[in-house]
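Structural overview
What follows is each chain in one-letter form.
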Amino acid sequence: MHSTSYKHGQSFLFRLPPGEDLLVGLYRVCREYNVKFGMFQVTGSVRSATVGHLDCENGNLQSQVLERGQNLVTCSGNVSPQGDSFAIRAYAVLSDAQGQIAAGELLAGEVHVAEVFLQELKGKPQVREQDPETGLWLWPVV
C-alpha cells in the first residue's frame, strides 16, 4: 500500500458562535485562514442537527433530523481540495438528554457550544474526485 506523509501546518483552536451552522462556521474559518487541507475535531453541543447515512445498496443518502439539543460525543472530519475549492466532511456521534445516540455524516448542526481544533496539513493533498462506482466525491484509492 502506498501512503503519503504530511507535515503539520498551522494549528488553530477556536470557538464558533452560538446559532451558526457548524459546517458553515468551519468553511468560514478555513477560507479566512486559507486552510484547504487538514483535519479537525469539535467538542460541544448543538441545538439541532441533521445526520446522513449512505445506503450502500442504492447510493442514496438518508437523512435524520434531530430537533432537540444534542451533545457532540465525538465529531471529527477533514478538509480536502475538491475542484476549484475545498470540501469539508464531518462525522458525528450525538447524544440527547435521555442518552439516545444518533450518528452519521453531519449535514447540518446549529451550534450551541462548539470548540474546534483544526490542524492544517502540508504536502501533496488528497484531492477529492468523483468516484465512478459510487458517484461520491472521495480521495483516490491507493
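Look up a bit, the structure's there.
So, here's what we can say about the structure. (Residues numbered from 1 in each chain as written. Predicted model: local features only at pLDDT ≥ 70, side-chain atom pairs only at ≥ 80, totals over all residues. Heavy atoms only, no water.)

1. So, the nonpolar core
Core analysis: the biggest nonpolar cluster contains 29 residues, and Leu22, Phe40 and Leu118 have the highest contact counts within it. Contributing elements (two or more residues each) for this core: β1 (7-16), α1 (22-32), β2 (38-54), β4 (70-82), β5 (85-95) and β6 (101-122). Here this core takes six residues from β6, the largest share from any one element. Look past the residues within four positions of leucine 118 in its chain and what remains in contact with it is Gln10, Ser11, Phe12, Phe14, Val29, Cys30, Val35, Met39, Phe40 and Val79. (Core = buried A, V, L, I, M, F, W, Y, C linked by side-chain atoms within 4.5 Å. Buried < 20%, exposed > 50% of the residue type's maximum accessible area, 1.4 Å probe, protein only. Helix = DSSP H or I, 4+ residues; strand = E, 2+ residues; numbered from the N terminus. Contact = heavy atoms within 4.5 Å.)

2. Some points on the pattern of salt bridges
The final tally for this structure, using the stated rule, is five salt bridges. Between arginine 28 and glutamate 20 there is a salt bridge; the shortest N-O distance is 2.9 Å. Here arginine 28 falls in the partly exposed class, since its relative accessible area comes to 32%. The closest approach of N and O atoms between arginine 89 and glutamate 105, which form a salt bridge, is 3.3 Å. You can see arginine 89 sitting in strand β5 and its partner glutamate 105 sitting in strand β6, a full 16 residues away along the chain. One exposure class covers both arginine 89 and glutamate 105, and it is buried. (Salt bridge = Lys/Arg side-chain N within 4 Å of Asp/Glu carboxyl O.)

3. Description of the side chain of glutamine 119
Looking at where glutamine 119 falls in the secondary structure, it is placed in strand β6. Here glycine 9 takes part through its backbone oxygen, which lies 3.3 Å from a polar atom of the side chain of glutamine 119. Sequence-distant contacts of glutamine 119, that is, excluding residues within four places in its chain, are made with His8, Gly9, Gln10, Ser11, Phe37, Gly38 and Met39. (Polar contact = N/O pair within 3.5 Å; in protein donor to acceptor, adjacent residues only side chain to side chain.)

4. A word on the state of the cysteines
Per the counting criterion, the structure on display carries zero disulfides. Here cysteine 30 stays free of any disulfide, with the sulfur of cysteine 75 as its closest cysteine sulfur at 13 Å. (Disulfide = S-S within 2.5 Å.)

5. Here we look at the packing of aromatic side chains
Under the counting rule described, the total for this entry stands at three aromatic pairs. Each ring, one from phenylalanine 12 and one from tyrosine 33, has its centre 4.9 Å from the other, and the planes form 40 degrees; the classification is tilted. With phenylalanine 12 in strand β1 and tyrosine 33 in the loop between α1 and β2, this residue pair connects regions lying 21 residues apart in the sequence. What makes tyrosine 33 partly exposed here is its relative accessible area of 40%. (Phe/Tyr/Trp six-rings, centres within 6.5 Å; stacked < 30°, edge-to-face > 60°.)

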